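Fold and contact review
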Amino acid sequence: MATSGKVIRCRAAVAWAAGHPLSIEEVEVAPPKAGEVRIKLVAAGICRTDEHLLQGCFPSAEFPVIPGHEGAGIVESIGEGVTSVKPGDKVIPICVPQCGECSFCLNPESNYCLKSHFSEPQNLLPDKTTRFTCKGKQIHHFLWMSTFAEYTVVPEYAVAKIDPAAPLDKVCLLGCGFSTGYGAAINTAKVKPGSTCAIFGLGGVGLSVVMGCKAAGASRIIAVDINKDKFAKAKELGATDCINPRDCQKPIQEVLTDMTGQGVDYSFEAIGLKETMIAALASCNMNTGICVMIGELDAGSEISLNPMILLTGRAWKGTLVGGWKMRDCIPRLVSSYLEKKFNSDLLITHTLPFAQVNEGFELLRAGKSIRSVLLF
């Protein structure tokens, strides 16, 4: 390509400091170094994790930064030694890398990677430098992805090549939100046919859990949210019951226990609040119940818990992007999407031009959107 090996000037949404709106700026994106891939983004989704970053609540994040970690695009150029993708390939960058060499990557039951931000920050590329500059300043990457830019550079092991037939403005959701929720039900909880499930929080991730529970054959899927405007969509995707805790006389965990006899078989927290995490844990049955924590608490948060809640056998599990080994599984999920095995398009409520990124966040904060997709 004509741009290969050259610095590209393009638009990006820069967060100069926590608590401030994003600023659309012209940035310089350096060419990829060895083992790196430069991607021309076509679409990006707005996820609540980006909101955590903007509020300064994301662990190990550094400003100024280009947010965004849900996107899809086309490879523009590759660095030396890159073999899994080539210019022109459709790809989804992935927020939990898969280096293929660490002990976690080599474990078939794990989807973690020691290159992940939980082990080492992903604010700079692996050589500890950035590929972004703006107004003479170095700009940090976010989870190596920074999908709120027309071009981004990521390590090869954080890129998944997908079917060339995939519509990038739709499958961008598979980079985080849909995969996380759907996989939490299918992979992490391993929901069984005929079981009962409760989902706390009906954003893009929570509604993806609803879809996963339905696909797994759950007989009762109880959706819980304080925003009743989300209930119609939840029912459309498979929820059998919808409850607003504000309409209940008792704590929600008691309501769910009354509804189901002993509590649900599986509960999922897709909000990221201490109170709802404890309520979700208490709402699954005391012996074989499994509670999956998906929501992200603010950095530094702690939860105090009566250990008796676990002593009788309940299991409390976390999930990382739905338990998928991302480089292996994203191409398969895209194929399943193309085969119409699920319809993640139903999560997209707004499609906005990239310049309206701040309006997308306003919709998210106001509870008016499920997923907004930005188009470049």
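This structure is a prediction, so every number in the text was calculated from the model and none was measured. (Residues numbered from 1 in each chain as written. Predicted model: local features only at pLDDT ≥ 70, side-chain atom pairs only at ≥ 80, totals over all residues. Heavy atoms only, no water.)

As for the overall build of the protein chain
Keep this limit in mind: In this text, helices come from DSSP runs of H or I with a minimum length of four residues, and strands from runs of E with a minimum of two, each type numbered from the N-terminal end. Only C-alpha atoms enter the radius of gyration; for comparison, a globular chain is expected to reach 2.2 Å times N to the power 0.38, where N is the number of residues. Three exposure classes are used, based on accessible area relative to the maximum for each residue type with a 1.4 Å probe and protein chains only: buried under 20%, partly exposed in between, and exposed over 50%. By definition in these notes, contact holds between two residues if any of their heavy atoms fall within 4.5 Å. Here the open area of atoms and residues is found with the Shrake-Rupley method and a 1.4 Å probe, where only the protein chains shown may cover a residue. Under this rule, positive means Lys or Arg and negative means Asp or Glu; His and the chain ends count for nothing. Charge coordinates come from a single atom per side chain, which is NZ of Lys, CZ of Arg, CG of Asp or CD of Glu.
A tally of regular secondary structure across the protein chain gives 11 helices and 17 strands. Against the compact-globule benchmark of 21 Å for 376 residues, the protein chain has a radius of gyration of 20 Å, which places it among compact chains. Here the protein chain, with 376 residues, has 55% of them falling under the buried criterion. Contacts spanning at least 24 positions in sequence make up 70% of the contacts within the protein chain whose residues lie at least 6 apart. Carbon and sulfur atoms form 53% of the exposed surface of the protein chain, whose accessible area is close to 15200 Å². Each charge class in the protein chain was averaged separately, 37 positive and 37 negative side chains, and the resulting centres sit 3 Å apart.

Quick word on the UniProt feature "domain: Enoyl reductase (ER)" (unreviewed entry) in the protein chain
The test is simple: UniProt positions are given in the numbering used here, feature names are shortened, and annotations may be inferred rather than shown by experiment.
In the numbering used here, UniProt assigns the feature "domain: Enoyl reductase (ER)" (unreviewed entry) to residues 19–374. Regarding residues 19–374, the helix share stands at 26% and the strand share at 22%, and the terminal C-alpha atoms are separated by 21 Å.

Describing the sheet that holds strand β1 (residues 8–14)
For the record, the criterion: Two strands pair under a simple rule: DSSP has to find at least two bridges between them. Inter-axis angles, ranging from 0 to 180 degrees, are taken between N-to-C directions of lines fitted to C-alpha atoms, where helices are fitted over the stretch in contact.
Strand order in this open sheet of 4 strands is β1-β2-β6-β7, and the pairing throughout is antiparallel. In this open sheet, the two strands that pair with only one neighbour each are β1 and β7 (137–139). Taken pair by pair, the neighbouring strands of this sheet meet at an average axis angle of 45 degrees, ignoring direction. Judged from the 2 bridges that link them, strand β2 (residues 23–29) and strand β6 (residues 132–134) form a sheet pairing that is antiparallel. Within β6, the position partnered with E28 by the bridge is T133.

With respect to the pairing of strand β8 (residues 151–155)
Among the 5 residues that make up β8, 5 are buried, leaving the element largely enclosed by the rest of the structure. Residues of β8 alternate between two faces, with Y151, V153 and P155 on one and T152 and V154 on the opposite face, all of them buried. By the bridge criterion, 5 bridges tie strand β3 (residues 36–45) to β8 in an arrangement that is antiparallel. Within β8, the residue paired with E36 across the bridge is P155.

What to know about helix α5 (residues 204–215)
As a reminder, the rule being used: Helix span, expected: 1.5 Å multiplied by one less than the number of residues in the helix.
Relative to the 16 Å expected for 12 residues at 1.5 Å per residue, α5 spans 17 Å between its end C-alpha atoms, a close match to the ideal helical length. In terms of residue burial, α5 counts as a mostly covered element, since 10 of its 12 residues are buried. Within α5, the full set of buried residues consists of G204, V205, G206, L207, S208, V209, V210, M211, G212 and C213. Against the buried residues of α5 lie α4 (177–189), β10 (196–200), β11 (220–224), α6 (231–237), β13 (266–269) and β17 (371–375). One or two steps after α5, the chain reaches G217, where phi turns positive at roughly 90 degrees.

A few points about the packing of helix α7 (residues 252–260) against helix α8 (residues 274–283)
Which entries qualify depends on this criterion: When describing relative orientation, an angle under 35 degrees is termed roughly parallel and one over 145 degrees roughly antiparallel, while 65 to 115 degrees is termed roughly perpendicular and anything else oblique. Note on convention: the crossing is left-handed when the near helix lies turned anticlockwise from the far helix by less than a right angle, right-handed when the turn is clockwise. Here the nonpolar group is Ala, Val, Leu, Ile, Met, Phe, Trp, Tyr, Cys and Pro; Asp, Glu, Lys and Arg are the charged ones; every other residue, Gly included, is treated as polar.
Relative orientation of the contacting elements α7 and α8 amounts to 20 degrees, with a least axis distance of 8 Å. The angle between the axes of α7 and α8 places the two elements in the roughly parallel class. Considering the relative orientation of α7 and α8, their crossing is right-handed. For the pair α7 and α8, contact is made by I252, Q253, L256 and T257 and by A279, A282 and S283, respectively. When its residues are assigned to classes, the contact of α7 with α8 shows 4 nonpolar, 3 polar and no charged.

Describing the pairing of β1
Burial of β1 is extensive: 5 of the 7 residues sit out of reach of the surface. As paired elements, β1 and β2 share 7 bridges and run antiparallel to each other. Its bridge partner lying in β2, A13 is registered against I24.

Thoughts on the nonpolar core
The condition is simple: In this text, buried Ala, Val, Leu, Ile, Met, Phe, Trp, Tyr and Cys residues form a nonpolar core when linked through side-chain atoms within 4.5 Å. For every domain, the bounds stem from an assignment made automatically or drawn from a database.
If you look at the biggest cluster of nonpolar residues, it comprises 97 residues, and the most contacted ones within it are F148, V191, C213, F268 and I330. When we break this core down by domain, the ones giving at least three residues each are domain 1 (8–175 + 344–375) and domain 2 (178–319). Residues A198, F200, I252 and A280 belong to the second largest nonpolar core, which totals 16 residues.

Concerning α4
Under the convention used in this document: The quantity called bend is, for any residue, the angle between two axes fitted respectively to the seven residues ending at it and the seven beginning at it.
Over its 13 residues, α4 runs 17 Å from end to end, which matches the ideal 18 Å to within 8%, given 1.5 Å per residue. Where α4 bends most, the angle comes to about 45 degrees, and this point is G183. Taken residue by residue, α4 has G177, F178, S179, T180, G181, Y182, G183, A184, A185, T188 and A189 as its buried positions. Contacts made by the buried residues of α4 are with α5, β13, β14 (290–293), β15 (315–318), α10 (326–338) and β17. Positioned one or two residues after α4, K190 has a phi angle of 55 degrees, which is positive.

Digging into the domain arrangement of the protein chain
Our working rule: Once two parts are joined, some of their accessible surface, as seen by a 1.4 Å probe, is lost; buried area is that loss totalled over both.
When the domains of the protein chain are assigned, the result is domain 1 (8–175 + 344–375) and domain 2 (178–319). Of note, the centres of domain 1 and domain 2, computed from C-alpha atoms alone, are 28 Å apart. Facing 14 residues of domain 1, the contacting portion of domain 2 comprises 17 residues. When the two sides are added together, the surface that domain 1 and domain 2 hide from each other amounts to roughly 1300 Å², 60% of it contributed by carbon and sulfur. The largest share of the area that domain 1 buries against domain 2 comes from L346, L347 and I370, three residues that together contribute 39% of it.

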